[in-house]
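Here is what each chain is made of, one letter per residue.
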Amino acid sequence: MSTHIVYVTITDETYDYFGKNNLDRADLAKLNNALSDLGVEGVAYDIIFARPSNPESDRLFKESIKHLGNVYLPVGFECSDKKRPFKWEEGSAYDRFRSEYLKNPIEEGNSTPFYATRALMQADAFIEGAYNTGHISVFSDPDGVYRHAVMLIKVGDQYMPTLTLAMFLDYARISFEEVVVEWGDKITIPAVKGSFLDDDVVIPIDENGRVFIPFAQKWNQGFKKMGAHSLIEYIKDENLRGNVTEFFEGSFVFIGDVAVGTSD
């Protein structure tokens, strides 16, 4: 288990703390601002903010993303296992997606990837402030269980890595274009000169670019976690700030909404 991964969870208690039944982006701005002083390596939202909300809340959230500086905001894909064209739409999110985020790794063998046909994209204002992105699309096995992660999805003639792979490559200082994909065998992340890797990292994949995830423990018994409302409260207390910093410093933080009792 990696000690450098922390889940920040938005729970029923979080909604109670803010006294709301929807996810107000002004409250998420408070969360981002709390994380900004803790020396985290990167922050990834498992949430797609696709549409505008209250203008002031959106403004505060956008500013907090820029201030934090290392926020990853994902995209979601509708996919096909057959080659299909991608539906492009207007907006700066799509412009940045096309010009910065899509790249080609080194490929070997016959490629049989999943093809994105359309995207659920972050709102323009938010993706402009994000550090990077990746996809969070998942597909269940035939029995309905999720045992695999799709490491890369094809968009037109280029690829988008999964969010976690994008974060790891940035951390290791390796370009996606240096990655070697041997379809039906493995993905090799090379320990190139100037990177932070001592040895190549090898990820076994199937013919569709999926990796098997050997879940060793139940979700709530795995990585370190803290409720979003708890973090905001702890950071206010100078006596607890040192402990909170030690908990988060150097970590990759994943933020997700796991509440079950809200009305929206």
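Keep in mind the model is a prediction, meaning the values are calculated, not measured.

What counts as what
Residues numbered from 1 in each chain as written. Predicted model: local features only at pLDDT ≥ 70, side-chain atom pairs only at ≥ 80, totals over all residues. Heavy atoms only, no water. Helix = DSSP H or I, 4+ residues; strand = E, 2+ residues; numbered from the N terminus. Rg over C-alpha atoms; globule rule 2.2 N^0.38 Å. Buried < 20%, exposed > 50% of the residue type's maximum accessible area, 1.4 Å probe, protein only. Contact = heavy atoms within 4.5 Å. Areas by Shrake-Rupley, 256 points an atom, 1.4 Å probe, with all protein chains shown as cover. Expected span 1.5 Å × (residues − 1). Arc of directions from axis to C-beta. Polar contact = N/O pair within 3.5 Å; in protein donor to acceptor, adjacent residues only side chain to side chain. Salt bridge = Lys/Arg side-chain N within 4 Å of Asp/Glu carboxyl O. Phe/Tyr/Trp six-rings, centres within 6.5 Å; stacked < 30°, edge-to-face > 60°.

*Asks:* Lay out the overall build of the protein chain with the relevant residues and their values.
*Replies:* Within the protein chain, the secondary structure is distributed over 8 helices and 15 strands. Computed over C-alpha atoms, the radius of gyration of the protein chain comes to 19 Å, within 12% of the 18 Å expected from 2.2 N^0.38 for 264 residues, which places it in the range of a compact globule. Taken along its principal axes, the extent of the C-alpha atoms in the protein chain is 55 × 40 × 40 Å. The proportion of buried residues among the 264 residues of the protein chain is 46%. Taking all contacts inside the protein chain whose residues are at least 6 apart in sequence as the whole, residues at least 24 apart take part in 76%. On the protein chain, roughly 13600 Å² of surface is accessible, and the fraction owed to carbon and sulfur atoms is 48%.

*Asks:* Got a sec to walk through helix α3 (residues 55-68)? Specific residues and values, please.
*Replies:* Here α3 contains 14 residues, and its C-alpha end-to-end distance of 20 Å stays within 8% of the 20 Å for a straight helix at 1.5 Å per residue. For α3, every residue scored as buried is listed here: S57, D58, F61, S64, I65 and L68. Buried residues of α3, seen end-on, are gathered within an arc of 130° and therefore sit on one face of the element. The exposed set on the far side of α3, more than 90 degrees from its buried face, consists of P55 and H67. Buried-residue contacts for α3 involve α2 (25-35), β2 (42-45), β3 (71-72) and α5 (124-129). The distance from a side-chain oxygen at the start of α3 to the backbone nitrogen of E56 is 3.0 Å, and the residue carrying that oxygen is N54. Just downstream of α3 lies G69, where phi reads positive at about 85°.

*Asks:* Can you break down the pattern of salt bridges residue by residue, with the values?
*Replies:* Any two side chains of opposite charge can pair, on the condition that their charged atoms come close. For the structure shown, the criterion picks out 15 salt bridges. Close ionic contact of K30 with D27 constitutes a salt bridge, the shortest N to O distance being 3.7 Å. One end of the pair, K30, and the other, D27, are both in helix α2, 3 residues apart, so they sit about a helical turn from each other. Notably, a salt bridge pairs E100 with R96, separated by 3.2 Å at the nearest N-O pair. With E100 and R96 both in helix α4 (residues 92-101), this residue pair falls 4 residues apart, about one helical turn. Three or more residues joined by partner-sharing salt bridges are found here, namely D141, D143, R147, D206 and R210.

*Asks:* Can you break down the packing of aromatic side chains residue by residue, with the values?
*Replies:* Aromatic rings in a pair are described by how distant their centres are and how their planes are angled relative to each other. Enumeration according to the criterion identifies 19 aromatic pairs in this entry. Ring geometry for F49 against F126: centres 6.1 Å apart, planes inclined by 80°, an arrangement best described as edge-to-face. Within this pair, whereas F49 is found in the loop between β2 and α3, its partner F126 is found in helix α5, the two being separated by 77 residues in sequence. We note that F49, like F126, is buried. Pairing Y159 with W183 gives two aromatic rings, centres 6.1 Å apart and planes at 35°, and the pair type is tilted. Within this pair, whereas Y159 is found in strand β9 (residues 158-161), its partner W183 is found in the loop between β10 (180-182) and β11 (186-189), the two being separated by 24 residues in sequence. When sorted by exposure, Y159 lands in the same class as W183, which is buried. By way of ring pairs, the aromatic residues F77, F86, W88, Y94 and F97 are connected into one cluster.

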